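# Geometric and topological summary
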Amino acid sequence: MDHFIKRVGTTYIPVRDPEQASKWYQAKLGAKENYCDENKSILDFANQSFFLVKSIKGEKVGFQDWNGREHFSLTFEVDGLEQLNAFHAFLKANGVKVGEIEDRGHPGNNFVFFDQDYNIFDVWSELSPSYKK
């Protein structure tokens, strides 16, 4: 059955203000805006579409793990440790809340960051094999 699904095309992210969130994603993550109104903003980056959807207060991406820690549901990939370190430094210098770079016991390193609506995301230093070609 795995031959049917080829990629993830769209991710939906809850935000308070789609226009402001779109500006944040463009400035901090290099997203390109395709559409924006009072209820949603449609962005392209990381080889997929992201819909920033106006949501009720308190909604966000992520969940608590079994230890009660906030956990991400989406990992962005960069090309190697040098890019991971550079991206971490860039986000930190631009006022983004970031976690420490971690060795989680698998190849590469990771860190987490939060957008302006406190959605949590992960960054990994290893590209998936299909992107290394």
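### Focus on the sheet that holds strand 9 (residues 120–124)
Strands sit in the order 7-9-8 across an open sheet of 3 strands; the sheet is mixed. Where the open sheet ends on each side, the last strands, each with one partner, are strand 7 (75–77) and strand 8 (110–114). For this sheet, the mean angle separating the axes of adjacent strands, direction not counted, is 30 degrees. Along the sheet, helix 2 (residues 81–93) makes contact with strand 8 and strand 9, crossing strand 8 at roughly 25 degrees.

### With respect to the layout of surface pockets
The computed volume of the largest pocket comes to approximately 690 Å³. Together, 22 residues line the largest pocket, and Ala46, Asn47, Thr75, Phe76 and Glu77 are the ones closest to its centre. Those elements that provide at least two residues to the lining of the largest pocket are helix 1 (18–29), strand 7 and helix 2. Element by element, the count of residues in the lining of the largest pocket is highest for strand 7, at 3 residues. Tallied by class, residues from the lining of the largest pocket come to 11 nonpolar, 7 polar and 4 charged. Taken as a whole, the second largest pocket encloses approximately 160 Å³ of empty space.

Definitions and cut-offs
- Residues numbered from 1 in each chain as written.
- Predicted model: local features only at pLDDT ≥ 70, side-chain atom pairs only at ≥ 80, totals over all residues.
- Heavy atoms only, no water.
- Pairing = 2+ DSSP bridges.
- Helix = DSSP H or I, 4+ residues; strand = E, 2+ residues; numbered from the N terminus.
- Axes fitted to C-alpha atoms, helices over the stretch in contact; angles between N-to-C directions.
- Contact = heavy atoms within 4.5 Å.
- 1 Å grid on protein atoms, 1.4 Å probe; cavity = no way out; pocket = protein on both sides within 12 Å on 5 of 7 lines; lining within 4 Å.
- Points joined across faces, edges and corners; volume = space filled by probe spheres on them.
- Nonpolar A, V, L, I, M, F, W, Y, C, P; charged D, E, K, R; others polar.

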